[in-house]
Amino acid sequence: MATEKKLTGGSLLFNVLEQHGVEHVFGYPGGAIMPIYDALYDSNVEHFLCRHEQGAAFSAVGYARASGKVGVCFATSGPGATNLITGLADALADSIPVVAITGQVATSAMGSDAFQEIDIFGLSLACTKHSFQVTDINDLAKVLHQAFAIALEGRQGPVLVDIPKDIQLAEVNGCLDKLVSLKNKVKLPPANVGSAIALLNQAKQPVLYVGGGVGMANAVDELREFASITGVPSVSTLKGLGAIDPEDENYLGMLGMHGTKAANLAVQQCDLLIAVGARFDDRVTGKLNEFAPNAKVIHFDIDTAEINKRRVADAAILGDLKVNLPALAIPLSIATWQDKCQQMKVDFAWDYNHPGESIFAPAVLKEVSDKMPKNTCVTTDVGQHQMWAAQHMLFDDPSNFLTSGGMGTMGFGVPAAVGAQVSRPTDCIVAVSGDGSFMMNVQELSTIKRFQLPVKIVLIDNAKLGMVRQWQDLFFNGRLSETDLADNPDFVMLANAFDIKAKLISKKSEVSDAIEDMMNHDGPYLLQVKINAQDNVWPLVPPNTANDKMMEST
Amino acid sequence: MNNYQLMIKADDKQVVLERILQVARYRGFLISGIHAQVNTGTNIGTIELLVRSERPIELLVDQINKLIDIKEVKVDNSASQQCIA
């Protein structure tokens, strides 16, 4: 009679990961997670050593967003685990499916202030969709299956599983559990389709307000079909960019604080706002009680808690967008409104004329966008360069624009690009960064070097924390406070130290050749683009102001 | 400021009470009282939560309902009241 094979908790972890199709993980080892790293030796999962746990978390986020799969990251107990938190918070804010595995001190030592012990389970409550701490080896497989189910079910999000060292070492029956479904799924009320159809038929000036939920629901085709059949002019949130074809004649661009004038004016004038996978975020609405003041609202979402949270919905359509969008796709007679919106788009088109020899970042990013191959995935950091990328680069799918939307986390761009490149090794990956953000996870250049990832980095360098400087100039009487970064390192030399080819440009005449050189280079490349430190992002809706009262320059 | 009483049923899982309290605080509800007990036969916990807030109770109900271990959240209207402060 054959003896049933025993596995350690660490080996069981990798078996379950493989059961869920996980091929790549990002992490950093340490004392309390050593049995898992020992089991890694015998697994088929490929591990990418990052140089900081925050880098590992963002790489997992980038991996998930670029591929549609669950991103997985590992960290040890104590500081390793706490270093994951910003990445998990980022994943929670942007609804990204990530499973984080943390090592923990042995159960016998827990609660004794042991070396590298922290209550990561407690810390996780505010920055994960759900979390577990495994204190019985017999629960490990079930918990891990639940973690994947929860990360992907409904509104996606990060799940943390904390595994004490003795559980990683304990032996358990080698039989793998079946994949589980969730017991307490939120029951959604029926979609208010009748009311929504009536609102659509009554509308003279409807606008489609597209959010990140469309990409998360894998409903890009259904959304485009809805937009095509109804003909409703559309606008996008930062995270929704790519869901609507940017060449669609009825698409007006991004709305909100740095949205296009056409998008914001159309929303302010509309009589029906059709929110799809969007949550009326404060950066979108400006002054909430003056946002789309004359509009009725149809709100499509998967999350009951988003309905009526910041704006009352006249018709709530809860559930899967892939099912619900086709149910409301009816032709509308709105030609006059379409013409008006298309005329606004022409009247308020971007102007790339920029006097002088200094480089104009919007024009650079537009040229990168024009020259990048199809299916290029762009990541950004956070700040002025992020808004310029959102405004001036075109994306044909949400999985091709990865930016930290809800959390606005500086340091996101380079590690997210690492994750994106690992998930899509044959696609071009471009990280657009700023000199402030870049320095926040600069150690991940070492990950790029280690794995020879051909990531292209466009570093918009104004030697400032540019967005904060812009706000200090505009709203704090020019009292600049701690936003000068004139002592930045030599970025070309820094990149070269990681065996990354790099070039600095500072004049308009250098831009086109430099972009060509970067795109034609086989390996990783850093293009440092010096710009005028006084350049601002326009338009700008000042805080607590209606979106039609935007500033366009000073 | 409004007073509300919530009746919550939840699986008896790790830190479920901490999760409920964290959500209530973060979403802008002050906790006036709490009573919790577990049916050891069914492993289902029952929590009566008294909260105060300027915000509508639906905001909290929806957020607690999203917690994975929650089975049911009801507002006890007979015990909830609006205070004129």
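Nothing here was measured: the structure is a model prediction, and the numbers come from that model. (Residues numbered from 1 in each chain as written. Chains lettered and ligands numbered in written order. Predicted model: local features only at pLDDT ≥ 70, side-chain atom pairs only at ≥ 80, totals over all residues. Heavy atoms only, no water.)

### Considerations on the domain arrangement of chain A
All names here are of chain A.
Item 1. Partitioning chain A into domains gives domain 1 (6–173), domain 2 (193–347) and domain 3 (361–530).
Item 2. Put simply, the middle of domain 1 and the middle of domain 3, counted by C-alpha atoms, are 29 Å apart.
Item 3. Contacts between the two partners involve 23 residues from domain 1 and, on the opposite side, 27 residues from domain 3.
Item 4. Carbon and sulfur atoms supply 63% of the area that domain 1 and domain 3 bury against each other, a total of about 1900 Å² over both sides.
Item 5. Ranking the residues of domain 1 by area buried against domain 3 places Arg51, Arg65 and Ala66 at the top, with a combined share of 29%.
Item 6. The tally of links from domain 1 across to domain 3 stands at zero salt bridges.
Item 7. One can count eleven residue pairs in polar contact (both at pLDDT 80 or more) joining domain 1 with domain 3.
Item 8. Of all elements in the fold, only strand S2 (24–27), strand S3 (46–49), helix H3 (53–67) and helix H4 (79–93) reach the threshold of two or more residues within the side of domain 1 that touches domain 3.
Item 9. It is H3 that contributes the most residues to the side of domain 1 that touches domain 3, ten residues altogether.
Item 10. Considering only residue class, the side of domain 1 that touches domain 3 consists of ten nonpolar, nine polar and four charged. (Domains from an automatic or database assignment. Contact = heavy atoms within 4.5 Å. Buried area = accessible area lost by both parts, 1.4 Å probe. Salt bridge = Lys/Arg side-chain N within 4 Å of Asp/Glu carboxyl O. Polar contact = N/O pair within 3.5 Å; in protein donor to acceptor, adjacent residues only side chain to side chain. Helix = DSSP H or I, 4+ residues; strand = E, 2+ residues; numbered from the N terminus. Nonpolar A, V, L, I, M, F, W, Y, C, P; charged D, E, K, R; others polar.)

### Focus on the packing of H3(A) against H4(A)
Residues and elements named next belong to chain A.
Item 1. Between H3 and H4, the shortest axis-to-axis distance is 7 Å and the interhelical angle comes to 30°. Considered as vectors, H3 and H4 are oriented roughly parallel to each other. In the crossing of H3 with H4, the sense of the turn from one axis to the other is right-handed. Together, Glu53, Gln54, Ala57, Phe58 and Val61 of H3 and Gly80, Asn83, Leu84, Thr86, Gly87, Asp90 and Ala91 of H4 make up the contact between the two elements.
Item 2. Considering only residue class, the contact of H3 with H4 consists of five nonpolar, five polar and two charged. (Axes fitted to C-alpha atoms, helices over the stretch in contact; angles between N-to-C directions. Parallel < 35°, antiparallel > 145°, perpendicular 65-115°, else oblique. Left-handed = near helix turned anticlockwise from the far one by under 90°.)

### Digging into unusual backbone geometry
All names here are of chain A.
Item 1. Trp538 connects to Pro539 through a cis peptide bond whose omega is -5°.
Item 2. Along the chain, Pro539 falls in the segment after strand S20 (525–530).
Item 3. Unusually for a residue other than glycine, Asn218 sits at a positive phi of about 55°.
Item 4. Examined against the element boundaries, Asn218 turns out to sit in the loop between helix H9 (213–216) and helix H10 (220–230).
Item 5. Even without glycine at this site, Gln452 takes up a positive phi of about 50°.

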